[in-house]
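The chain contents come next:
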Amino acid sequence: AALALAATVALAAACGGKEERQAKYIERGKALFAQGDLVNAQLEFRNALQINPKSVEARYYQGLIAEREGNWQAAFGNFTAVVEQDPNHAEAHRKLAEIYLLGGEADRAEAETAKLEALTGTTADVLAIRAGIALRRVRSDEARRLAEAALAKEPAHIGATMALASALSNQGYADEALAVADRALTANADETGLRLLKIKINLDNDRFDGAVAAYRQLIAAVPGAIEHRVGLAQLLASRDRLDEAQAVLREAAAAGVGGAQPRLALVDLLAQRYSVTAAEAELKALIADAPDEYSYQFKRVDLLTKLGRTDEAKAALAAIIERDGTGASGLEARVQMARLAMAAGKADEVKTLITEVLDKDPGQADALLLRGVLALDAGETDAALADARTVLRGAPRSAAAMRLLAQTQLRRNETDAAMETMVQAIGIDANDVVTREQLAGLHLRRGNLEQALDLYNAVLAIDGRRPQSLMPKTEVLIALKRWDDADAAIRTVLALPDQQPAGFLLSGRRHQARGEVEPAVRAFKQALALRPGAVEPATGIVQTYLAAQRPGEALAFLDEAIAARPKDAFLRNLRGEVKVRQQRVDDAMADYRAAIAEQPDWLVPYTNLGGVLVAAGRPAEAVTVYQEALAKRPGNPQMLFSLGVAQEQAGDYRGAIATFEQLLAVEPGSDVAANNYAALVADFAHDDPAKLARALEMARRFETASDGVLLDTLGWVLYRTGDYAQALIYLERAARARADAPVVQYHLGMTLYRLGDHAAARRALEAALAGSDGYPGKEEAKATLARLSQS
């Protein structure tokens, strides 16, 4: 007993010691964080987390440090971990809402804000975030109302102030917006965000001199920040105030602000606004004065590459390699040579160069990313994933690595993970419009229209005339029936250079969605006149007439179009589709065959012709059509699947089995192909041990399925192997899922019969024969039931 008591006391002391050490680490970390010493603060919090990985307070401060450093991925991860440990941690919910808002994910921001409000009530923070969400959704009136409500609760709230100023600016009240920002700066002179907002407000309202003045105020407030000086120089250059722009950069260089950056920015200015000759002369002088400042030499390479003088760029990189060898700049020169080789499609040269780099520096991020891209292009997703994650371990804020990771996840069909990665990538690089657009596209595929709209709006806040976002945004507005907003977007598209055909196409779709036949057709015809032979407007015209139950006019349009373009395979195929709807099957098949003759490599008319033949009870002819298509496009998954189905319907079961096996070689992850192969083998080739073993291998993937068809296939294959006990497990589950399917009852009945449960077998076989459905084995079901009835 004494020993037990001593052990208990020792254990308690040890635990108490750990808790005490953890508390000290946290307190020291908080003090260092308050002093701005983020590096040492992070070490203290890490020590606390080593003692207790579930410490909410240490994890929260790690998130704050990552946020302060602009490492949004790490901040997001830490704040997420906090709310997982403590769902009532209001500040972590607030931070997550702000990160989602920054990434353009307004719906997710709203969900986190709802959680925050449930914990804290309707605070100024809640209202300010909601104002930011309204701004993202281009709802300035709502944003203004929410921001004013937040400021009524907390007059000095920075987020609410910025939201109010932005909303006022959007509504055209520039003076009031600037006054709001200036009042806040009186109490918060060091708030850089407010000063940047003043610049934006001036620019948004065409107040150029006001923006210049705001920039100069910002530079005076933060004299050591080179990015603001470069921003001012670029702004002045945009209005051809080139002498002033040069003066800003030369002043920064003379003051030693930003190292080589102001001189490099000056080179860019000379190249863009004066001449390449002037930029090269400046670079040569800089290189002569500082031959070991390789950033000047790399700038020359960049200039030569943009001008298409690739051979000179390679020579400049070779000179850097010769001078620096395997030093950091020599390795960077090899990476840049690899990029040039990648752009030229020279994969072997890329591999050689990045191997040289990685042999010397295995963690060189750019080389790893290039290797990852090569791996992804080759379909080696494991290797691409490993390289992306290696880079992110060393550089969590690498937007390029996040993009590679997202693309790799998409290739692996890990769509949810890819979307999360894209959100984090946007948080790292707020100007990454391409990733935003790709994420919006993924939301569209899932039917998440509002989320997609938020992302397109975020892109258009950066570039309001970007067609890649304007056009899909308009499609979303049409789908949401926001007609006035759609009309405004269409007007913007029509005003863009060379985008009138797209604008008329969108106008046609807008009218089509409202059932306005004549205006829709008129708009589609305007688009078609600007781009004769375009697919989308012709399709729009036909769809509009068909939706209005006017197929005759659809055919009249197509007849006229084909008369003008008799060799247009698309129009021929489209006319065939209309004729099928009119039950003119032979005429439709003639059009499909004409389309194939004109464009033998296009698979759509083969698909349509084969489908019509199968529907007409002529599957053997469909088999010939699909085989012709596969001769043109060997291994095409769609054609292989259609061929297999047609062969099965034509009674060529061995041929269908071979086709589905070929499809599985092309798409091993296809559950439909695996099911069809296994089911056909179980019915028609179960006497072939090799095929039956392969069928079982394919069907095993359905062990956790809920679909009755898939469960039935697995159970029937197991039956064919003689494993009746295991077969019964899956067939009973299949019967519960598809109680009305006679074939499932047949399979279940035969299995019960083999297991000796004759009463249950009789009930299942009676159900299998109750209807008129035909299926392989129906005669066996009758014979077995007869034997049971005699026993």
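Residues numbered from 1 in each chain as written. Predicted model: local features only at pLDDT ≥ 70, side-chain atom pairs only at ≥ 80, totals over all residues. Heavy atoms only, no water.

K.L.:
Account for the overall build of the chain, naming residues and giving values.
P.N.:
In terms of regular secondary structure, the chain is built from 45 helices and zero strands. Dimensions of the chain along its principal axes, counting C-alpha atoms only, are 105 × 100 × 65 Å. For the chain, the proportion of its 791 residues judged to be buried stands at 46%. Nonlocal contacts in the chain, meaning residues at least 24 apart in sequence, comprise 46% of its contacts between residues at least 6 apart. Accessible area for the chain stands at about 37,100 Å²; split by element, carbon and sulfur atoms hold 50% of it. For the chain, the distance from the average position of its 93 positive side-chain charges to the average position of its 106 negative side-chain charges is 1 Å. (Helix = DSSP H or I, 4+ residues; strand = E, 2+ residues; numbered from the N terminus. Buried < 20%, exposed > 50% of the residue type's maximum accessible area, 1.4 Å probe, protein only. Contact = heavy atoms within 4.5 Å. Areas by Shrake-Rupley, 256 points an atom, 1.4 Å probe, with all protein chains shown as cover. Lys, Arg positive; Asp, Glu negative; His and termini not counted. Charge placed at Lys NZ, Arg CZ, Asp CG, Glu CD.)

K.L.:
Which residues make up the packing of helix α31 (residues 535–547) against helix α33 (residues 569–581), and what are the values?
P.N.:
Between α31 and α33, whose axes approach to 11 Å, the crossing angle comes to 15 degrees. Relative to α33, the element α31 is oriented roughly parallel. α31 and α33 meet at a crossing whose hand is right-handed. Between α31, through Val535, Ala538, Thr539, Val542 and Leu546, and α33, the contact on the second element is made entirely by Phe570, Leu571, Leu574, Val578 and Arg581. Counted by class, the contact of α31 with α33 contains eight nonpolar, one polar and one charged residues. (Axes fitted to C-alpha atoms, helices over the stretch in contact; angles between N-to-C directions. Parallel < 35°, antiparallel > 145°, perpendicular 65-115°, else oblique. Left-handed = near helix turned anticlockwise from the far one by under 90°. Nonpolar A, V, L, I, M, F, W, Y, C, P; charged D, E, K, R; others polar.)

K.L.:
Account for the pattern of salt bridges, naming residues and giving values.
P.N.:
Summed over the entire model, instances satisfying the criterion amount to 61 salt bridges. Salt-bridge contacts for Arg94 lead to Glu91; the nearest nitrogen and oxygen are separated by 2.6 Å. Remark: Glu91 and Arg94 occur in helix α5 (residues 90–102); sequence separation between them is three residues, near one turn of the helix. We classify Arg94 as buried; its relative accessible area is 15%. Note that Arg339 and Asp366 form a salt bridge whose closest N and O atoms lie 3.4 Å from each other. One end of the pair, Arg339, is in helix α19 (residues 328–343); the other, Asp366, is in helix α21 (residues 365–377), with 27 residues separating them in the sequence. Here Arg339 falls in the partly exposed class, since its relative accessible area comes to 37%. (Salt bridge = Lys/Arg side-chain N within 4 Å of Asp/Glu carboxyl O.)

K.L.:
I'd like a rundown of the nonpolar core, residues and numbers included.
P.N.:
Ranked by size, the top nonpolar core spans 67 residues in total, and within it Tyr677 and Tyr746 carry the most contacts. Beyond its immediate chain neighbours, meaning those up to four positions away, Tyr746 contacts Trp716, Leu765, Ala768, Tyr775, Pro776, Gly777, Glu780 and Ala781. Counting residues in each nonpolar core, the second largest holds 52 residues, with Ala58, Leu64, Leu455 and Leu477 among its members. (Core = buried A, V, L, I, M, F, W, Y, C linked by side-chain atoms within 4.5 Å.)

K.L.:
Go over helix α24 (residues 415–428), please, and point to the residues and values.
P.N.:
With 14 residues, α24 ought to run about 20 Å at 1.5 Å a step, and its terminal C-alpha atoms sit 20 Å apart, in line with that. Most of α24 sits inside the fold, with ten of its 14 residues counted as buried. All of the buried residues along α24 are Ala418, Met419, Thr421, Met422, Val423, Gln424, Ala425, Ile426, Gly427 and Ile428. Here the buried face of α24 lies against α4 (72–85), α5, α6 (106–120), α23 (399–411), α25 (433–445) and α26 (449–462). (Expected span 1.5 Å × (residues − 1).)

K.L.:
Describe helix α16 (residues 276–289), with residues and values.
P.N.:
The end-to-end C-alpha separation of α16 is 20 Å, in line with the 20 Å expected for 14 residues at 1.5 Å each. All buried positions along α16 are accounted for by Ala279, Glu280, Glu282, Leu283 and Leu286. An end-on view of α16 places all buried positions within 160 degrees of arc, on one side of the element. In α16, those exposed residues whose orientation departs by more than 90 degrees from the buried face are Thr277, Lys284, Ala288 and Asp289. Looking at the buried side of α16, the elements it contacts are α14 (242–254), α15 (261–273) and α17 (294–306). (Arc of directions from axis to C-beta.)

K.L.:
I'd like a description of unusual backbone geometry, backed by residues and values.
P.N.:
Positive phi is not limited to glycine here, since Gln549 has a value of about 60 degrees. Summarising the element assignment, Gln549 is placed in the loop between α31 and α32 (551–564). According to the relative accessible area criterion, Gln549 is exposed, its value standing at 64%. At Gln583, a position not held by glycine, the phi torsion is positive, near 65 degrees. With respect to the secondary-structure elements, Gln583 resides in the loop between α33 and α34 (585–598). The class of Gln583 is exposed, set by a relative accessible area of 65%.

K.L.:
Any chance you could break down the packing of helix α27 (residues 467–479) against helix α29 (residues 500–513) for me, citing the residues and the numbers?
P.N.:
The packing of two helices is summarised by the inter-axis angle and the distance between the axes. As a packed pair, α27 and α29 sit with axes 10 Å apart at the nearest point and diverge in direction by 10 degrees. By the angle between their axes, α27 is roughly parallel relative to α29. Here Met471, Thr474, Glu475 and Ile478 of α27 lie close against α29, whose contacting residues are Ala502, Leu506, Arg509, Arg510 and Ala513. The residue makeup of the contact of α27 with α29, split by class, is five nonpolar, one polar and three charged.

K.L.:
With reference to specific residues and values, describe the packing of aromatic side chains.
P.N.:
Scanning the model with the defined rule gives twelve aromatic pairs in all. Seen from their ring centres, Phe33 and Tyr61 are 5.5 Å apart, and the 80 degrees between their planes marks the pair as edge-to-face. Pair noted here: Phe33 is in helix α1 (residues 2–35) and Tyr61 is in helix α3 (residues 56–68), with a separation of 28 residues, a long-range link. In this pair, the class of Phe33 matches that of Tyr61, namely buried. (Phe/Tyr/Trp six-rings, centres within 6.5 Å; stacked < 30°, edge-to-face > 60°.)

From the geometry alone we can't say anything about function, so treat these as descriptive.
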